[in-house]
Amino acid sequence: MTVARAEFPFGPVPPAEALQIMRAIRDDRPMTRVTFPVGGECWMLHRHETCRAVLEDRRFVRRPFTDGRPVPYAFAFPAFLTQTLQFMDPPDHTRFRRLVSKAFTLRRVERLRGKVQEVADELVDAMVETGPPANLVESFALRLPIRVIGDMLGVPEDGRGNFVRWSHAMLATSGMTEDEVTEAMTSLYLYLQELMTRKRDDPRDDLLSALVAARDADDRLTDDEIIQIAMLLVAGGFDNTANFIELGVQALLADPGQHAALLADIDGVIPTAVEEILRHGGFVLGREMSGFAGLVPFVASEDVELDGVLIKAGDAVAVDLSTANHDDGVFADSDRFDVTRERNPHLTLSHGLHHCLGAPLARMELQVGIATLFRRLPELKLAGEPVYLEGVLTGGMTDLPVTW
Amino acid sequence: MSGGRWTVEVDRRRCIGNQMCVTAAGDHFVLEDGRSRPVADSVAPSEDVLEALELCPTSAITVRDETGALVEPS
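1. A short note on the overall build of chain A
Counting its secondary structure elements, chain A contains 18 helices and 14 strands. With respect to the three principal axes, the spread of C-alpha positions in chain A is 65 × 55 × 40 Å. Out of the 404 residues belonging to chain A, those deemed buried represent 45%. Taking all contacts inside chain A whose residues are at least 6 apart in sequence as the whole, residues at least 24 apart take part in 70%.

In structure tokens:
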């Protein structure tokens, strides 16, 4: 076997080779200074400990990106996102996050588990009634989280039909003209504006009504800000969840040993299986992998010494997610897909201040969704090549043909 | 709010350093090595502590009243 070269960026290369290169990079140095096509230079952090330290350190901020500095990334970052929660620093970040965070805590989300299970069962009932084959994206992976976030927000059926179109516009990185993006986002904005006006007159027990009430109780908030948050909840509320349901099913079907381990004790194994899908699922499919971008960058607000390297004030830093998620000092036998992995502090949902707002909800939906598919359809298998989506920040697919 | 004192704990294995507690109840929680810990183990009942309890995304905070019963967020 040849010695992997510790070059970053790298790829695309087969997953086994990517894992070797990532190990060589981590052994060689804590970070690499790269030049992105957009936004210029950025330190990419490869080791888990360094990444965690940065995510916990308030000297690393996002404000410069909100103010118009281009985000160092492989492509132009969707402009809408740079004006939302993910790009705010305290105290603004906290003020806005507090408005919605209560709805997504572990405690609150666990109360929804029974309802989510009902929806998952209904969706599988419909698949069984129609009979195989099915496109898992359309029949299950998108429908489950859209039903859940639609109910939480209080968006009626007529609005949900447009969720995919709206979300793709907000997360578009290519393939849509500026006019098309603006048109879709304006349509979402006007829809939410109208819906929230109705909720002001007729409040319900849902998140949009709660946002309207919060706006009315706090003069510092504007209608525009409230609608922006609602838009973010639509953009982030289902599409990553759908993508990881799809990835989880693919990864489990691609590894017969781990598939069997799940089927032997679905309820016992599903919590750790979901974490392992989040950490490593992409490496199981046999698709070529690249090392390039990572999580959204931060900017150092002052000089900071990090792992012996001086990060100058104004320098951008970002987590090289895949490499950090395979750090051998943290993850035992890190190249292995292990659905029963006990210690799994992956950074896929980030960490610290910007840890994914919807993480408890996403985890619960992934657990219920994937468990239900394999419990109800134990013979589930792929029935053709998946069709991947291009030009959307979060990736995903349009077709995952399955049979059972 | 009852008169007795509350016992506050943070499960540092669950804490992800999200800092909602520090923001909601800065007198009661501090960040140490990126994770939260209570400033004092025993506190007078406080709306701020209740809010921190409710906002914590990973439910890493536990509050008990003087009888040892769990205090639940509203």
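Still more to cover.
2. A word on the sheet that holds strand S14 (residues 401-403) of chain A
Strand order in this open sheet of 3 strands is S5-S14-S11 (chain A), and the pairing throughout is antiparallel. Edge positions in the sheet fall to strand S5 (134-135) and strand S11 (381-382) of chain A, since each has one partner strand and no second.

3. With respect to the nonpolar core
Core analysis: the largest hydrophobic core is formed by 117 residues, its most contacted members being A:Leu45, A:Ala230, A:Met231, A:Val317 and A:Ile370. For this core, the element with the most residues is helix H18 (residues 359-376) of chain A, which contributes 10 residues. In this structure A:Ala230 touches A:Leu192, A:Leu208 and A:Leu211, once residues within four positions along its chain are discounted. B:Trp6, B:Ala25, B:Val49 and B:Cys56 belong to the second largest nonpolar core, which has 17 residues in total.

4. Examining helix H12 (residues 207-217) of chain A
Every α-helix winds through 3.6 residues per turn, so residues three or four apart in the chain are directed the same way. All names here are of chain A. By the burial criterion, the buried members of H12 are Leu207, Leu208, Leu211, Val212 and Arg215. One face of H12 carries all of its buried residues, which in axial projection span an arc of 145°. Within H12, the exposed residues directed more than 90 degrees away from the buried face are Asp216 and Ala217. Residues of H12 that are buried sit in contact with helix H4 (92-101), helix H8 (143-153), helix H11 (178-201) and helix H13 (223-236).

5. Quick look at unusual backbone geometry
Residues and elements named next belong to chain A. Cis geometry marks the peptide bond from glycine 11 to proline 12, where omega comes out at 5°. When you line up the elements, proline 12 lands in strand S1 (residues 10-13). The backbone phi angle of aspartate 307 is positive, close to 50°, even though this residue is not glycine. Looking at where aspartate 307 falls in the secondary structure, it is placed in the loop between strand S8 (304-306) and strand S9 (309-311). On the basis of neighbour counts, which here come to 15 C-beta atoms within 10 Å, the residue aspartate 307 falls in the partly exposed class.

6. A word on the sheet that holds strand S1 (residues 6-10) of chain B
Residues and elements named next belong to chain B. Across the sheet, which stays open at both edges, the 3 strands sit in the order S4-S1-S5 with antiparallel pairing between neighbours. Looking at strand neighbours, the two that pair on one side only are strand S4 (42-43) and strand S5 (61-64), the edges of this open sheet. Alignment of S1 against S5, held across 4 bridges, turns out to be antiparallel. Counterpart to threonine 7 in the pairing with S5 is arginine 64. Each of S1, S4 and S5 touches helix H2 (residues 47-55); the most contacted strand, S5, lies at about 140° to it.

Conventions and cut-offs
Residues numbered from 1 in each chain as written. Chains lettered and ligands numbered in written order. Predicted model: local features only at pLDDT ≥ 70, side-chain atom pairs only at ≥ 80, totals over all residues. Helix = DSSP H or I, 4+ residues; strand = E, 2+ residues; numbered from the N terminus. Buried ≥ 20, exposed ≤ 12 C-beta atoms within 10 Å, placed from the backbone. Contact = placed C-beta atoms within 7 Å. Pairing = 2+ DSSP bridges. Core = buried A, V, L, I, M, F, W, Y, C linked by C-beta atoms within 7 Å. Arc of directions from axis to C-beta. Axes fitted to C-alpha atoms, helices over the stretch in contact; angles between N-to-C directions.

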